[in-house]
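Residue strings, one per chain:
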Amino acid sequence: GVAVLFERILDQIKSDLRGISVLALSVVFVVILMNYRGLWHTLLTLVPLVSGAIAMVAIMNLAGLKFNIINVGMLPLIIGIGVDYGVYVVQRWMDEGKGLDSIRPVIESTGRAVTLSALTTMIGFASIILARWQGLKLMGANLTMGIGLCWLAAVVFLPSILKIIELVRDRQGKKRP
């Protein structure tokens with residue numbers, strides 16, 4: 001009947017959205033890899049997106065929220081927007097010449113720009129929370145949370161990793177690539 005058909009359609013849409021999300025992440029990875037021409041800087045760039053996504057899924061699980069047709073559709077949005085923050089931080093770190101002295105200017109200038117960008121995006125997504133339909137409210141909350149966690153990872157976690165990398169390199173007296 002209609003209920004079975006509707007269930008099949010929803011399952012197909014969820015499957016398509018998962019596939020589209022994997023495709024989006026794969027293409028983003030390849031584009032960044034082509035830009036940096038190396039795996040190391042590519043992986044560093046993806047740190048905020050991956051850690052933000054992991055934190056978002058963990059929070060959703062703790063809150064008892066499951067992925068459904070609405071919030072699976074938000075994954076390509078988070079991928080497309082969340083990856084930007086890592087790109088900005090890693091590129092600025094490279095432009096500053098890496099090194100221990102580069103971390104502070106990266107955070108002071110690029111961190112401020114990333115914060116403003118994330119804040120304006122989160123405001124836009126948070127406005128969806130005002131919708132009457134629960135599905136849209138949840139989507140707005142998840143998008144806001146996902147972008148917020150990617151931002152947090154970009155301005156706290158990624159610079160910490162870069163600092164550790166530079167401390168280790170400095171201690172070992174190695175040249176930077």
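Small disclaimer: the values here were computed from a predicted structure and weren't measured.

Criteria and cut-off values
- Residues numbered from 1 in each chain as written.
- Predicted model: local features only at pLDDT ≥ 70, side-chain atom pairs only at ≥ 80, totals over all residues.
- Heavy atoms only, no water.
- 1 Å grid on protein atoms, 1.4 Å probe; cavity = no way out; pocket = protein on both sides within 12 Å on 5 of 7 lines; lining within 4 Å.
- Points joined across faces, edges and corners; volume = space filled by probe spheres on them.
- Helix = DSSP H or I, 4+ residues; strand = E, 2+ residues; numbered from the N terminus.
- Nonpolar A, V, L, I, M, F, W, Y, C, P; charged D, E, K, R; others polar.
- Salt bridge = Lys/Arg side-chain N within 4 Å of Asp/Glu carboxyl O.
- Buried < 20%, exposed > 50% of the residue type's maximum accessible area, 1.4 Å probe, protein only.
- Core = buried A, V, L, I, M, F, W, Y, C linked by side-chain atoms within 4.5 Å.
- Contact = heavy atoms within 4.5 Å.
- Axes fitted to C-alpha atoms, helices over the stretch in contact; angles between N-to-C directions.
- Parallel < 35°, antiparallel > 145°, perpendicular 65-115°, else oblique.
- Left-handed = near helix turned anticlockwise from the far one by under 90°.

### Description of the layout of surface pockets
So, point 1. Roughly 250 Å³ of volume is contained in the largest pocket.
So, point 2. Forming the boundary of the largest pocket are S21, V22, L25, L49, V50, A53, I54, M56, V57, L75, I78 and I79.
So, point 3. Put simply, the parts of the chain that give the lining of the largest pocket at least two residues each are helix 1 (2-36), helix 2 (39-62) and helix 4 (75-95).
So, point 4. Here the lining of the largest pocket gets 6 residues from one element, more than from any other, and that element is helix 2.
So, point 5. Each residue belonging to the lining of the largest pocket can be placed in one class, and the counts come to 11 nonpolar, 1 polar and no charged.

### Focus: the pattern of salt bridges
So, point 1. Using the criterion set out here, one finds 3 salt bridges in the structure.
So, point 2. Two residues, E108 and R104, come together in a salt bridge whose shortest N-O distance is 2.7 Å. Of this pair, E108 and R104 both sit in helix 5 (residues 103-126), 4 residues apart, which is roughly one turn of that helix.
So, point 3. Here E108 falls in the partly exposed class, since its relative accessible area comes to 39%.

### With respect to unusual backbone geometry
So, point 1. Phi angles above zero are rare outside glycine, and R37 is one such case at about 55°.
So, point 2. Counting through the fold element by element, R37 comes out in the loop between helix 1 and helix 2.
So, point 3. Here R37 falls in the exposed class, since its relative accessible area comes to 74%.
So, point 4. We note that K98 has phi near 60°; this positive angle belongs to a residue other than glycine.

### Some remarks on the nonpolar core
In globular proteins that are soluble, nonpolar side chains generally tend to be buried together.
So, point 1. Within the largest apolar cluster, 32 residues are counted, with the highest numbers of intra-cluster contacts made by L44, L49, I78, Y85, W93, L158 and L162.
So, point 2. Broken down by secondary-structure element, the contributors of at least two residues to this core are helix 1, helix 2, helix 4, helix 5 and helix 6 (134-172).
So, point 3. Here the element with the most residues in this core is helix 6; it accounts for 10 residues.
So, point 4. Ignoring any residue separated from it by four or fewer positions in sequence, one finds L44 in contact with V90, W93, L158, I161, L162 and I165.

### Concerning the packing of helix 2 against helix 6
So, point 1. Taken N-terminus to C-terminus, the directions of helix 2 and helix 6 make an angle of 135°; their axes are 8 Å apart at the nearest point. Considered as vectors, helix 2 and helix 6 are oriented oblique to each other. Handedness of the helix 2/helix 6 crossing: right-handed.
So, point 2. Residue composition of the contact of helix 2 with helix 6, by class: 19 nonpolar, 4 polar and 1 charged.

### Quick look at the packing of helix 5 against helix 6
So, point 1. For the pair helix 5 and helix 6, the least separation of the axes is 9 Å and the interaxial angle reads 175°. Classed by the angle they form, the pair helix 5 and helix 6 counts as roughly antiparallel. On helix 6, the residues touching I103, I107, G111, V114, T115, A118, T121, M122, F125 and A126 of helix 5 are G140, L143, T144, I147, G148, W151, A154, V155, P159, L162 and K163.
So, point 2. When its residues are assigned to classes, the contact of helix 5 with helix 6 shows 14 nonpolar, 6 polar and 1 charged.

From the geometry alone we can't say anything about function, so treat these as descriptive.
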